[in-house]
Amino acid sequence: MYQIGKGRYQVGTVTQDELLNFELNLMNSRLALIRANQGLIRARSDLNSFLGFDKNVVIECIMPTSISSAIQINIDDAIQKSMKNNPNILSQNERVLEQDNNVSLTKANNGLSANVSVSAGLNQTGLTVSNAYQNPNRFQNIGVVGLSVPILDWGRRKGQILMAKSNREVVVNSVKQERVDFEQSVIMNVMEFNLQADQVMNSARADTIAQRGFEVTMRRFKIGKLDITKLNLSRNDVENARRAYIGSLRKYWTSYYQIRQLTLFDFEKGTDLTADFDKILNQ
């Protein structure tokens, strides 16, 4: 655009301030390109580190040109799979079981308790070691070491049990709220994903239309039918449409893999996301 502006400036169809505007856009574009390249280098470095690759490995990411609009996830199926497979649900169940166990132990420790010892063996004495092992006498002993019977504890036993039950109730309510939030997260992710396919296709269409519109505007600008303001507006439309398309693609795939992470299920293949860890360790 700057080179075209210079050519039109020489023939007098572009003013000096318009040419300076072209040059300013050129400088801003160069700065934006430098920042983008720096971000690309950092992103590649982070990806290599995550994958365990050498820092000199260069990964070229290919942006998908299409998506499968046939993937539609049923909300009830997603919730069922998440309740079955997600480790957070297992952790919540474990917390409730721990509190049930704590209540049972508290009740058991506040009841009747007794310590009894029993011993049996042989006994003999002698002036020498050999005589001590001849004709030993049998020896048996049964003794009660301790017996504890709660008679009056001023409500201490009852208070401990109530405290244990109260702690369990707190955990149960917390787990219920966490489960509601978890289900809501699954529902929202599935709803957004099911709508995102149409958003991607609409963004792709808008990107194509903006690109064609810019090409028409550029041709009219070259022959002097349009001014620089309309050309800049058309260029901005192209950039915004391209960013919106890439952003919708990113949101689509991010949402899809978030659902896979929540449910540990591949809805495209219809299989659970499992791994044979014994096989992996043997390899």
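Structure first, text after, so check above.
Computed from a predicted model, the values in this text were never measured in an experiment.

Structural notes on the packing of helix H2 (residues 16-51) against helix H7 (residues 228-263)
In step 1: Closest axis-to-axis distance for the H2/H7 pair is 11 Å, and the angle between their directions is 20 degrees. For the element pair H2 / H7, the angle class is roughly parallel. Crossing handedness for the pair H2 and H7: left-handed. Residue-level contacts link Glu18, Asn21, Phe22 and Asn25 of H2 to Ile228, Leu231, Asn232 and Arg235 of H7.
In step 2: Looking at the contact of H2 with H7, its residues break down into three nonpolar, three polar and two charged.

Side note on helix H3 (residues 75-85)
In step 1: Taken residue by residue, H3 has Ala78, Ile79, Ser82 and Asn85 as its buried positions. Seen from one end, H3 has its buried residues packed into an arc of 150 degrees, which puts them on one side. Exposed residues pointing more than 90 degrees away from the buried face of H3 are listed as Asp76, Gln80 and Lys84.
In step 2: The N-capping residue of H3, defined by a side-chain oxygen 2.9 Å from the backbone nitrogen of aspartate 76, is asparagine 74.

A closer look at the packing of helix H1 (residues 2-10) against H2
In step 1: Where H1 meets H2, the closest approach of the two axes is 9 Å, and the angle between their N-to-C directions is 165 degrees. Judged by the inter-axis angle, H1 sits roughly antiparallel to H2. In the crossing of H1 with H2, the sense of the turn from one axis to the other is left-handed. Note on element contacts: H2 touches H1 through Gln16, Leu19, Phe22, Glu23 and Leu26, opposite Tyr2, Gly5, Lys6 and Tyr9.
In step 2: For the contact of H1 with H2, the per-class residue count stands at five nonpolar, two polar and two charged.

Quick notes on the nonpolar core
In step 1: Core analysis: the biggest nonpolar cluster contains 20 residues, and Ile73, Val186, Phe193 and Tyr252 have the highest contact counts within it.
In step 2: Those residues within four positions of phenylalanine 193 in sequence are excluded, and the remaining contacts are Ile71, Ile73, Tyr252, Ser255, Tyr256 and Ile259.
In step 3: Counting twelve residues, the second-largest nonpolar core is a separate cluster that includes Val14, Phe214, Met218 and Ala241.

Regarding the packing of aromatic side chains
In step 1: On inspection of all chains with the given rule, the structure shows eight aromatic pairs.
In step 2: Judged by centre distance (4.9 Å) and plane angle (70 degrees), the ring pair of phenylalanine 265 and phenylalanine 267 falls under edge-to-face.
In step 3: Through a chain of ring-to-ring contacts, the aromatic side chains of Phe193, Tyr252, Trp253, Tyr256 and Tyr257 assemble into a single cluster.
In step 4: Over the aromatic face of phenylalanine 221 sits the side chain of arginine 8, whose NZ or CZ is 4.3 Å from the ring centroid.

A look at H1
In step 1: Taken as a whole, H1 has its buried residues at Tyr2, Gly5 and Arg8. The arc that holds the buried residues of H1, viewed along the axis, is 120 degrees, so those residues lie on one side. H1 presents Gln3 and Gln10 as exposed residues on the side facing more than 90 degrees away from its buried surface.
In step 2: Two residues or fewer after H1 comes glycine 12, characterised by a positive phi angle close to 85 degrees.

As for a nonpolar patch on the surface
In step 1: A contiguous nonpolar surface patch, about 470 Å² in accessible area, is contributed by Leu47, Phe50, Leu51, Phe53 and Val57.
In step 2: For valine 57, a relative accessible area of 34% puts it in the partly exposed group.

Looking at the side chain of asparagine 85
In step 1: Turning to its location among the elements, asparagine 85 is positioned in helix H3.
In step 2: Asparagine 85 gets classed as buried once you look at its relative accessible area, which sits at 17%.
In step 3: Within polar-contact distance, the side chain of asparagine 85 engages the backbone oxygen of threonine 263 at 3.0 Å.
In step 4: Residue contacts for asparagine 85: discarding those within four places in its chain leaves Thr263, Leu264 and Asp272.

Some remarks on unusual backbone geometry
In step 1: Unlike most non-glycine residues, leucine 264 shows phi in positive territory, near 50 degrees.
In step 2: Residue placement: leucine 264 occurs in the loop between H7 and strand S3 (265-266).

Calculation criteria
Residues numbered from 1 in each chain as written. Predicted model: local features only at pLDDT ≥ 70, side-chain atom pairs only at ≥ 80, totals over all residues. Heavy atoms only, no water. Axes fitted to C-alpha atoms, helices over the stretch in contact; angles between N-to-C directions. Helix = DSSP H or I, 4+ residues; strand = E, 2+ residues; numbered from the N terminus. Parallel < 35°, antiparallel > 145°, perpendicular 65-115°, else oblique. Left-handed = near helix turned anticlockwise from the far one by under 90°. Contact = heavy atoms within 4.5 Å. Nonpolar A, V, L, I, M, F, W, Y, C, P; charged D, E, K, R; others polar. Buried < 20%, exposed > 50% of the residue type's maximum accessible area, 1.4 Å probe, protein only. Arc of directions from axis to C-beta. Polar contact = N/O pair within 3.5 Å; in protein donor to acceptor, adjacent residues only side chain to side chain. Core = buried A, V, L, I, M, F, W, Y, C linked by side-chain atoms within 4.5 Å. Phe/Tyr/Trp six-rings, centres within 6.5 Å; stacked < 30°, edge-to-face > 60°. Lys NZ or Arg CZ within 6 Å of the ring centre and 35° of its normal. Patch = residues over 30% accessible without salt bridge, like charges linked within 9 Å, V, L, I, M, F, W, Y side chains within 5 Å. Areas by Shrake-Rupley, 256 points an atom, 1.4 Å probe, with all protein chains shown as cover. Salt bridge = Lys/Arg side-chain N within 4 Å of Asp/Glu carboxyl O.

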